[in-house]
Amino acid sequence: MITLYELHWSHYCEKIRLALNYMGLPWQMIGIDAFKKEQLRWHPLPSHLKKHTVPAIHDDQTGQFVMDSTPILRYLAAQYPQAPQLFPGDAANRAAIDARIVEFDTLLGLPARRFGYTQVILECPSLLPELFLSNRAGGLFNAPMLRFLAGNFMGMLLSKRFDMHRSEKLGLYEALEQYLVALAEKLEELEFVIGTEFSAADLTL
């Protein structure tokens with residue numbers, strides 16, 4: 001059994017849910033506290049990482065604890081070669097798939113998260129406490145007025161932390177649009193992102 005530790009709204013966690021289902025592997029989910037991450041601390045922190053992050057998996061079959069979505073995909077492909085493969089083809093094709101995953105995570109995933117949070121902050125800030133605080137303080141922040149106040153406060157913190165107010169000045173909207181338009185043009189001629197089979201690159205996109 002594979003245990004997935006996740007934040008349910010994270011698209012990086014969704015990537016692993018999709019991968020586990022596609023490969024037909026038995027798994028269960030544990031939702032974690034976004035601030036304390038206590039559930040992750042049951043497992044020792046890998047030496048090459050500075051802190052616990054999600055998604056993370058623990059594989060009962062091997063005893064392995066793996067964090068971050070792309071290393072998890074690589075681990076699953078290597079450990080379960082008999083399952084439908086996310087890195088099919090020869091070495092060159094697998095390397096191209098891996099490179100595309102990293103590209104999508106950085107050039108597409110990070111801006112998507114940034115703009116997603118910006119839209120929530122502008123249009124529905126009370127959703128933020130529902131995502132981050134619903135299980136804290138005995139559900140205190142579920143009260144409408146506190147949820148409203150906490151949402152606006154969290155919106156200000158997130159905007160400051162990630163400099164969201166600078167997105168327009170930095171031209172991030174235009175850069176993302178150009179990237180998506182170019183990608184769409186390429187995909188009009190292709191059935192799959194890389195090669196002739198479904199892969200982790202398609203799943204990541």
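Everything that follows concerns the structure shown earlier in this document.
Since this is a predicted model, take the numbers as computed values, not measurements.

(A) Up close: the overall build of the protein. Within the protein, the secondary structure is distributed over seven helices and four strands. From first element to last, N terminus to C terminus, the protein shows the α and β order β-α-β-β-β-α-α-α-α-α-α. Projected onto its principal axes, the C-alpha positions of the protein cover 55 × 45 × 30 Å. For the protein, contacts bridging at least 24 residues in sequence account for 59% of all contacts bridging at least 6. Entry remark: accessible area of the protein is about 11900 Å², with carbon and sulfur atoms responsible for 57%. Averaging the coordinates of the 19 positive side-chain charges in the protein and doing the same for the 23 negative ones gives two points 12 Å apart.

(B) Examining the sheet that holds strand β1 (residues 2-6) more closely. Strand order across the open sheet formed by four strands is β2-β1-β3-β4, with mixed pairing between neighbours. On the outer flanks of this sheet lie β2 (27-31) and β4 (64-67), each paired with one strand and no other. In this sheet, adjacent strand axes meet at a mean angle of 20 degrees when their direction is disregarded. In terms of strand pairing, β1 meets β2 through five bridges, oriented parallel.

(C) Here's a closer look at the packing of aromatic side chains. In this structure the tally under the stated criterion is three aromatic pairs. Relative to Phe65, the ring of Tyr5 lies with its centre 6.5 Å away and its plane at 75 degrees, an arrangement referred to as edge-to-face. One end of the pair, Tyr5, is in strand β1; the other, Phe65, is in strand β4, and 60 residues separate them in sequence. Taken together, a centroid distance of 4.9 Å and an interplanar angle of 50 degrees make the contact between Tyr22 and Phe198 tilted. You can see Tyr22 sitting in helix α1 (residues 11-23) and its partner Phe198 sitting in the loop between α6 (172-187) and α7 (200-204), a full 176 residues away along the chain. The class of Tyr22 is partly exposed, set by a relative accessible area of 34%. Looking at Phe198, the relative accessible area reads 29%, which means it is partly exposed.

(D) Representation of the environment of Val54 in the model. The topology assignment puts Val54 in the loop between β2 and β3 (56-59). The class for Val54 is buried, based on a relative accessible area of 16%. Measuring from C-alpha to C-alpha, the distance between Val54 and Gln79 comes to 20 Å, with 25 residues separating the pair along the chain.

(E) Structural view of a nonpolar patch on the surface. Residues Met145, Leu146, Phe148 and Leu149 make up a contiguous nonpolar surface patch of about 400 Å² in total accessible area. With respect to the helices and strands, the residue Phe148 is situated in helix α5 (residues 144-161).

(F) Just the side chain of Ser69, in detail. Inspection of the secondary structure assignment puts Ser69 in helix α2 (residues 69-79). By relative accessible area, which is 6% here, Ser69 ends up buried. At 3.0 Å, the side chain of Ser69 forms a polar contact with the side chain of Lys15. Residue contacts for Ser69: discarding those within four places in its chain leaves Tyr12, Lys15, Ile16, Pro55 and Asp105.

(G) Highlighting α1. For α1, with 13 residues, the first-to-last C-alpha span of 18 Å sits near the 18 Å given by 1.5 Å per residue. Within α1, the full set of buried residues consists of Tyr12, Cys13, Lys15, Ile16, Ala19, Leu20 and Met23. Each buried residue of α1 lies within a common arc of 150 degrees when the element is viewed along its axis, so the set occupies one face. Packed against the buried residues of α1 are β1, β2, β3, α2, α3 (91-123) and α7. The N-capping residue of α1, defined by a side-chain oxygen 3.2 Å from the backbone nitrogen of Tyr12, is Ser10. A positive backbone phi angle near 70 degrees is found at Gly24, which sits one or two residues after α1.

What counts and what doesn't
Residues numbered from 1 in each chain as written. Predicted model: local features only at pLDDT ≥ 70, side-chain atom pairs only at ≥ 80, totals over all residues. Heavy atoms only, no water. Helix = DSSP H or I, 4+ residues; strand = E, 2+ residues; numbered from the N terminus. Contact = heavy atoms within 4.5 Å. Areas by Shrake-Rupley, 256 points an atom, 1.4 Å probe, with all protein chains shown as cover. Lys, Arg positive; Asp, Glu negative; His and termini not counted. Charge placed at Lys NZ, Arg CZ, Asp CG, Glu CD. Pairing = 2+ DSSP bridges. Axes fitted to C-alpha atoms, helices over the stretch in contact; angles between N-to-C directions. Phe/Tyr/Trp six-rings, centres within 6.5 Å; stacked < 30°, edge-to-face > 60°. Buried < 20%, exposed > 50% of the residue type's maximum accessible area, 1.4 Å probe, protein only. Patch = residues over 30% accessible without salt bridge, like charges linked within 9 Å, V, L, I, M, F, W, Y side chains within 5 Å. Salt bridge = Lys/Arg side-chain N within 4 Å of Asp/Glu carboxyl O. Polar contact = N/O pair within 3.5 Å; in protein donor to acceptor, adjacent residues only side chain to side chain. Expected span 1.5 Å × (residues − 1). Arc of directions from axis to C-beta.

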